[in-house]
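Report on the structure
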Amino acid sequence: MNLDKRRRFEEKSIEHLREEGIYWEAEAARLKQAIATALSHQMERRGLTLTELAAMLETSRAALNRILDPANTSITLTTLTRTAAALGCKVKLEIVVPR
């Protein structure tokens, strides 16, 4: 898909989500998907299991599953930064002006 077509598609999609009143929920879900994917990737890179990471965080596997669940958008910044730190990472947040 060329760049113009992609931008038009994105604009139409965003417009539709706003009309339906679900844009912010969809945006939160997109961000959580990216967070869960990044954390899971770091776990795999370090060869850590859920049980091992949960022990490092002094939490349950169920709580860790909620953190890694891409559909669960309820995550605090404290939980996110603690989890990233346990994986030897830092969180970088950037707020940008939309295109």
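Conventions used here
- Residues numbered from 1 in each chain as written.
- Predicted model: local features only at pLDDT ≥ 70, side-chain atom pairs only at ≥ 80, totals over all residues.
- Heavy atoms only, no water.
- Helix = DSSP H or I, 4+ residues; strand = E, 2+ residues; numbered from the N terminus.
- Buried < 20%, exposed > 50% of the residue type's maximum accessible area, 1.4 Å probe, protein only.
- Polar contact = N/O pair within 3.5 Å; in protein donor to acceptor, adjacent residues only side chain to side chain.
- Contact = heavy atoms within 4.5 Å.
- Arc of directions from axis to C-beta.
- Salt bridge = Lys/Arg side-chain N within 4 Å of Asp/Glu carboxyl O.
- Lys, Arg positive; Asp, Glu negative; His and termini not counted.

**A closer look at unusual backbone geometry**
With phi around 55°, Glu58 is a residue other than glycine that occupies positive phi space. By secondary structure assignment, the location of Glu58 is in the loop between α3 (50-57) and α4 (61-68). The exposed category is assigned to Glu58, whose relative accessible area is 74%.

**A short note on the side chain of Asn72**
Checked against the element boundaries, Asn72 lands in the loop between α4 and α5 (77-86). A polar contact of 3.0 Å, which involves the side chain of Asn72, links it to the backbone nitrogen of Ser74. Here Asn72 is in contact with Lys32 and Arg66, once residues within four sequence places are set aside.

**A word on α4**
Within α4, burial applies to Ala63, Leu64, Ile67 and Leu68. One side of α4 holds all its buried residues, which, seen down the axis, span an arc of 135°. Residues of α4 that are buried sit in contact with α2 (23-46), α3 and α5.

**Here we look at the pattern of salt bridges**
Applying the stated criterion to the full structure yields one salt bridge. In this structure, the salt-bridge partner of Glu27 is Arg30, at a minimum N-O distance of 2.6 Å. In this pair, Glu27 and Arg30 are both assigned in helix α2, three residues apart and thus about one turn of the helix distant.

**A short note on the side chain of Lys32**
Relative to the assigned elements, Lys32 resides in helix α2. One buried charged residue, Lys32, forms no salt bridge at all, with the nearest opposite charge on Asp69 at 6.2 Å. A polar atom in the side chain of Lys32 sits 2.6 Å from the backbone oxygen of Asn72. Once you skip the residues sitting within four places of it in the chain, Lys32 turns out to touch Arg66, Ile67, Asp69, Pro70, Asn72, Thr73 and Ile75.

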